[in-house]
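Residue-level structure breakdown
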Amino acid sequence: MTEYKHSVSLDVSKCKGCTHCLKRCPTEAIRIRNGKADINSEKCIDCGECIRVCPYKAKKAVYDPLETLNDYKYKIALPAPTLYGQFDNLDDIDFIIQGLHDMGFDDVYEVAKAAELVTEYTRQYLHRENLKKPVISSACPVIVRLISTRFPYLCENVMPILPPVEVAGKLAREKAMAEHPELAASDIGCFFISPCPAKVSYVKNSFAGEKSNVDEVLSVSDVYFKLVSYMNKIDSPKESCEAGMVGVGWAIAGGESTSVFNDRYLAADGIENVLRVLDQIDNSEFPELEFIELNACNGGCVGGVMTVANPYIAKARIQSLKRYLPVSPNTHGMKAEVPDYVMMPELEYQPTCPLSTNRKEAMRMMADIQEIRKDLPDLDCGSCGAPTCAAFAEDIVRGETCADECVVFMRQVFHDYIARHQARMAEEAEKRKNERS
Amino acid sequence: MSDEMIRFHFDVDGDDFSSAGAASVEVKKRLRQLGFSPDVIRRVAIAMYEGEINMVIHADGGTVEVEIGDDDITMILSDHGPGIANVELAMQEGYSTARDNIRSLGFGAGMGLPNMKKYTDDMKIETEIGVGTTVIMKVNV
């Protein structure tokens, strides 16, 4: 397996080695070693929970800087619908699109527009025969990676349709090539304005099998601060917004599934909730469900860690922006079939960190873990650098740490030592007393 | 019995519906770490999940022992519930004695025991009215 490029990283100088991120990581990918957090890249799913909870801002999202705009002759902005929810008192998306042009982009291709196409393809896809139901949305890259590492049996349920950002990148590039035949492919830069680090990982790791159509990934927050000053200078923007209610609604949890027009759906958001749903779906059958939308962030994409606004305020703003938009202007008169270019290969199961590739060896290690666990206090305090006593026992057996790191165990050792020392002192005092008499 | 055998013990809490299925999730995690195939993991997880739910609905909880051997995985689910009056009837799809309040939660569809049988290679039920029930299931590796 090639090395997975992550978009969540650590500023070692700021990390104090506390246990906030350790305890919050849903895949137990973090350990504290030598007083600093250490992320296991095989286990990390780029959900950004550690960025959210770090009190010292030591965990950060990695994305491309605005300066990368200078690397391309023809620059296309691909704004995530979440961007629209960041602005106070905004009643017209045209201001954002005009602002992006004024900021230096040659073209703007709304991801919300591509989202409408994906919604239409999803409806068509659900009509196919012999599909393994419920079909799970492939839009949130955290969920896709979570399923591929942990839910082998659900890989087949993940919809093999490209997420809107990828479709937007492809269509935007084709449009640019058609309108500007003088441009070389390398002159065109597609810049996704992303709410979260997971989408950065998606692009950098070529999720879709081949190279992504997105070249650089900017953060909503970086773009926001620059864009807002350009937007303030606009009196009346050019009419240019092409997205409808359906596309813009993708920013909010439930937006994608409600627009599939099929009431047999489930939408869950927040990584802990999502895990519980996946565990349950994995264990039983749900004939009543056709479609499942899962978002790693609370509230959906508006809850991403690379945004500015409070997710619930952003959600309220998106709702009011949606009010006067047409329903789905990009799918009028569409042909009722899913084009090949939006299909991707079936998701592959990629197990992470088995104890050993040899079953006998793995069984022996598991037995050792059980033995060690008996002596651990089950406090899950995290002082040893592992999130739970169970994880600590596993780390010991894997040879990554030693039992002395357990403070409860060491306290007992210390008490025993003191007790022995005191007994010896008393014994010696008694001896001296006897010698004197 | 080979010395490679590993045993896990779980207590299933009868008061708490929301935690039913927790032991199954835990076993799934350990089987993954041991490198079992997705198919084996799923069969064990489903059979155990159904068993856990049954113990919560009918028997006020119980215990689960999971034994992982070289050739098979054995699950022993024991409870001190009311026992099963007619095992043959209980094995029929759609037959359930669950009360309405349980059904309103989406359980009690009468698929628990049939599914446990369907997903395992061997299943034995030992039951005595007023004493309790033990279900022993095996999944071949």
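These numbers were taken from a predicted model, which means no experiment stands behind them.

1. Re the interface of chain A and chain B
At the interface, 19 residues of chain A touch 16 residues of chain B. Only helix 11 (271–283) and helix 13 (359–375) of chain A provide two or more residues apiece to the side of chain A that touches chain B. The dominant element in the side of chain A that touches chain B, judged by the number of residues it contributes, is helix 13 of chain A, at seven residues. A class-by-class count of the residues in the side of chain A that touches chain B yields 10 nonpolar, five polar and four charged.

2. Looking at unusual backbone geometry
All names here are of chain A. Residue Lys133 is joined to Pro134 through a cis peptide bond whose omega torsion reads -5°. Considering the arrangement of structural elements, one finds Pro134 in the loop between helix 4 (111–126) and strand 7 (135–136). In the Ramachandran plot, Lys57 falls in the positive-phi region, its phi being about 55° despite a non-glycine side chain. Looking at the secondary structure, you find Lys57 in the loop between helix 2 (49–53) and strand 4 (59–61).

3. Concerning the packing of helix 13 of chain A against helix 14 (residues 389–397) of chain A
Residues and elements named next belong to chain A. Between helix 13 and helix 14, the shortest axis-to-axis distance is 9 Å and the interhelical angle comes to 130°. The pairing of helix 13 with helix 14 is recorded here as oblique in orientation. Considering how the two elements wind past one another, helix 13 and helix 14 form a crossing that is right-handed. Across the interface between the two elements, Met365, Asp368, Ile369, Ile372 and Arg373 from helix 13 touch Cys389, Ala390, Ala393, Glu394, Ile396 and Val397 from helix 14. Of the residues that constitute the contact of helix 13 with helix 14, the class distribution is eight nonpolar, no polar and three charged.

Thresholds, definitions, all that
Throughout, a residue's number is its position along its own chain's written sequence, starting from 1. Both sets of labels track the order of writing: A upward for chains, 1 upward for ligands. Confidence filtering applies because this is a predicted model: local features only for residues at pLDDT of at least 70, side-chain atom pairs given and counted only at 80 or more, and all residues used for totals across whole chains, interfaces and linings. We call two residues in contact when the distance between their C-beta atoms, placed using the backbone, is within 7 Å. For helices the rule is a DSSP run of H or I covering at least 4 residues; for strands it is a run of E covering at least 2, with both sets numbered from the N terminus onward. For this classification, the nonpolar set comprises Ala, Val, Leu, Ile, Met, Phe, Trp, Tyr, Cys and Pro, the charged set comprises Asp, Glu, Lys and Arg, and every other residue, Gly included, is treated as polar. Here, axes are lines fitted to C-alpha atoms. For helices the fit covers the stretch in contact, and angles between N-to-C directions go from 0 to 180 degrees. If an angle is under 35 degrees, it is roughly parallel; if it is over 145, roughly antiparallel; if it lies from 65 to 115, roughly perpendicular; otherwise it is oblique. Here is the rule for handedness: rotate from the far helix to the near one, and if that takes an anticlockwise turn smaller than a right angle the crossing is left-handed, while a clockwise turn gives right-handed.

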